[in-house]
Amino acid sequence: MAERSTARSTAPRVVNSGRLAVGQMVVVGTAAALFLRDTTNGGWVMLVFLVGVHAMLLAGVVALLAVTYLLGTLTRYGSRLTERPGPRFGWTLLVWVGGAALVRYGRTALGHLGFDLDRHAEVGHWLLGLGAALVVGAFSRSRPVRVASAALIAVFVVGTAALRAID
């Protein structure tokens, strides 16, 4: 019986899960937006000519996943999925698959509204940050944050589907 009480006392206790979840959303969303900024011009284009497109794409994907995994490690108590290394890798993949899907929907919606994304490429980066942050929130520890993120994702997807149906 004494062993049970010591095992419970050494387990990490999350004091404010809502604050941790929102912090994790902000960190991952901002990193997503800033990571892809300026990757379509400048010195990166010359490096693509030297090493090839496929090598650069693979390096970019690996770097993006590694940075997200590291951010999940640094903010590990924001979600139950980021507490241990194995589930954290799955969380990393979920964040980018879900975030990329939301960006696709967002780009479509902006296109239907007449917004030219080619002229304002920065908007796509911030959309990726927003999409990744919403997916992080959907898998957070805090119930209110999960519900709010899931509701925003649902409104976003339904609104985009409605815009597509109108066209």
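Focus: the pattern of salt bridges
Phase 1: On inspection of all chains with the given rule, the structure shows one salt bridge.
Phase 2: Arg141 is the partner of Glu83 in a salt bridge, and the nearest nitrogen-oxygen pair spans 1.8 Å. Placement of the pair is Glu83 in the loop between helix 4 (53–74) and helix 5 (85–112) and Arg141 in the loop between helix 6 (121–138) and helix 7 (143–166), with a sequence separation of 58 residues.
Phase 3: The exposure class of Arg141 is buried, given its relative accessible area of 11%.

Some points on helix 4
Phase 1: With 22 residues, helix 4 should cover 32 Å at 1.5 Å per step; its first-to-last C-alpha distance of 31 Å lies within 8% of that length.
Phase 2: By the burial criterion, the buried members of helix 4 are Met56, Leu64, Thr68, Leu71, Gly72 and Thr73.

Some points on the packing of aromatic side chains
Phase 1: The tally for this structure, following the rule as stated, stands at zero aromatic pairs.
Phase 2: Between Arg88 and the ring centre of Tyr69, over which it is positioned, the NZ or CZ distance is 5.3 Å.

Examining the nonpolar core
Phase 1: In terms of nonpolar packing, the biggest core is built from 20 residues, with Val28, Val95, Trp96, Ala132 and Val136 touching the most fellow members.
Phase 2: Where this core is concerned, the elements lending two or more residues are helix 2 (17–35), helix 4, helix 5, helix 6 and helix 7.
Phase 3: Ranked by residue count, the leading element in this core is helix 6, at seven residues.
Phase 4: In this view, Val136 contacts Gln24, Met25, Val28, Trp91 and Val95; residues no more than four positions away in its chain are not counted.

Digging into the environment of Val22
Phase 1: For Val22, the location among the structural elements is in helix 2.
Phase 2: You can call Val22 partly exposed: its relative accessible area is 41%.
Phase 3: The sequence separation of Val22 and Ala133 amounts to 111 residues, and the corresponding C-alpha distance is 8.8 Å.

Structural notes on the environment of Leu117
Phase 1: On the secondary structure map, Leu117 appears in the loop between helix 5 and helix 6.
Phase 2: The exposure class of Leu117 is buried, given its relative accessible area of 11%.
Phase 3: Taking the C-alpha atoms as reference points, Leu117 and Arg107, separated by 10 residues in sequence, lie 7.6 Å from one another.

Here's the deal with the side chain of Ser79
Phase 1: Of note, Ser79 is situated in the loop between helix 4 and helix 5.
Phase 2: A distance of 3.1 Å separates a polar atom in the side chain of Ser79 from the backbone nitrogen of Leu81.
Phase 3: Those residues within four positions of Ser79 in sequence are excluded, and the remaining contacts are Gln24, Trp91, Phe139, Ser140 and Arg141.

The rules behind the values
- Numbering of residues begins from 1 in every chain and follows the order in which that chain's sequence is written.
- Residues qualify for local features only when their pLDDT is at least 70, as the model is predicted, and side-chain atom pairs are given and counted only at 80 or more; totals for whole chains, interfaces and linings, by contrast, use all residues.
- Excluding hydrogens and water, the side-chain figures rest on all heavy atoms present in the structure.
- A side-chain nitrogen of Lys or Arg and a carboxyl oxygen of Asp or Glu constitute a salt bridge if their distance falls within 4 Å.
- Comment: elements are numbered from the N terminus, with helices defined as DSSP H or I runs of at least four residues and strands as E runs of at least two.
- Throughout, exposure labels follow a simple rule: accessible area from a 1.4 Å probe, protein chains only, divided by the maximum for the residue type, with under 20% read as buried, over 50% as exposed, and the rest as partly exposed.
- What a helix should span is 1.5 Å times the count of its residues minus one.
- Any two of the Phe, Tyr and Trp rings considered here, Trp counted by its six-membered ring, make a pair once their centres fall within 6.5 Å; the pair's planes then place it as stacked at under 30 degrees, edge-to-face at over 60, or tilted in between.
- Note on criteria: charge over ring means Lys NZ or Arg CZ within 6 Å of the ring centre, with the direction from the centre no more than 35 degrees off the ring normal.
- For this analysis, a nonpolar core means a set of buried residues of the types Ala, Val, Leu, Ile, Met, Phe, Trp, Tyr and Cys, connected via side-chain atoms within 4.5 Å.
- By definition, residues are in contact when any of their heavy atoms lie within 4.5 Å.
- Throughout this description, a polar contact denotes any pair of N or O atoms lying within 3.5 Å of each other; where both atoms belong to protein, one of them has to be capable of donating a hydrogen while the other can accept it, and for residues adjacent in sequence the pair is counted only when both atoms sit in side chains.

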